[in-house]
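# Structural characterization, general
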Amino acid sequence: MNRPLTTNDVELGPIDPDWTITELLDWLSSDDARQHDVTLQHPLARIEAALTGEDWSRMPSTVALIRALTLLAPAHGSTVIADILRASQILARVA
């Protein structure tokens, strides 16, 4: 029996999985301290990797991840984070 996939499987810290990419970027830009918060690196890296299917060769800075997500926003801005992560979990299980 397969276990149901939930966004609770991925720890996102203060990032709300019901936000869109645009809402996430708005939240990140609303406080300069967030742009340098190292505790956001892993959640942002998971979201970015789920969108691109790419892994960084080393852990990028929070600023680099925000820039990468900003570049993806025109195509994915209205996409909900939970949907992105759910789709990447399904693809990972199929592969």
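Let me sum up the structure you'll find in this document. (Residues numbered from 1 in each chain as written. Predicted model: local features only at pLDDT ≥ 70, side-chain atom pairs only at ≥ 80, totals over all residues. Heavy atoms only, no water.)

### Quick word on the environment of Arg86
Along the chain, Arg86 falls in helix 4 (residues 81–94). Here the side chain of Arg86 touches Asp83 through a polar contact of 2.9 Å, side chain to side chain. (Helix = DSSP H or I, 4+ residues; strand = E, 2+ residues; numbered from the N terminus. Polar contact = N/O pair within 3.5 Å; in protein donor to acceptor, adjacent residues only side chain to side chain.)

### Considerations on the packing of helix 2 (residues 41–52) against helix 3 (residues 62–76)
In helix packing, the relevant descriptors are the interaxial angle and the interaxial distance, both defined with respect to the helix axes. Between helix 2 and helix 3, the shortest axis-to-axis distance is 10 Å and the interhelical angle comes to 35°. The way helix 2 lies across helix 3 gives a crossing that is left-handed. Residues Gln41, Leu44, Ala45, Ile47, Glu48, Leu51 and Thr52 of helix 2 pack against Thr62, Leu65, Ile66, Ala68, Leu69, Leu72 and His76 of helix 3. Partitioned by chemical class, the residues of the contact of helix 2 with helix 3 number nine nonpolar, four polar and one charged. (Axes fitted to C-alpha atoms, helices over the stretch in contact; angles between N-to-C directions. Left-handed = near helix turned anticlockwise from the far one by under 90°. Contact = heavy atoms within 4.5 Å. Nonpolar A, V, L, I, M, F, W, Y, C, P; charged D, E, K, R; others polar.)

### What about the packing of helix 1 (residues 21–29) against helix 2?
Across the interface, helix 1 lies against helix 2 with an axial gap of 13 Å and an inter-helix angle of 150°. When the interaxial angle is binned, helix 1 and helix 2 end up roughly antiparallel. Where helix 1 crosses over helix 2, the handedness of that crossing is left-handed. Along its contact with helix 1, which presents Ile21, Leu24 and Leu28, the element helix 2 presents Leu44, Ile47 and Leu51. Tallied by class, residues from the contact of helix 1 with helix 2 come to six nonpolar, no polar and no charged. (Parallel < 35°, antiparallel > 145°, perpendicular 65-115°, else oblique.)

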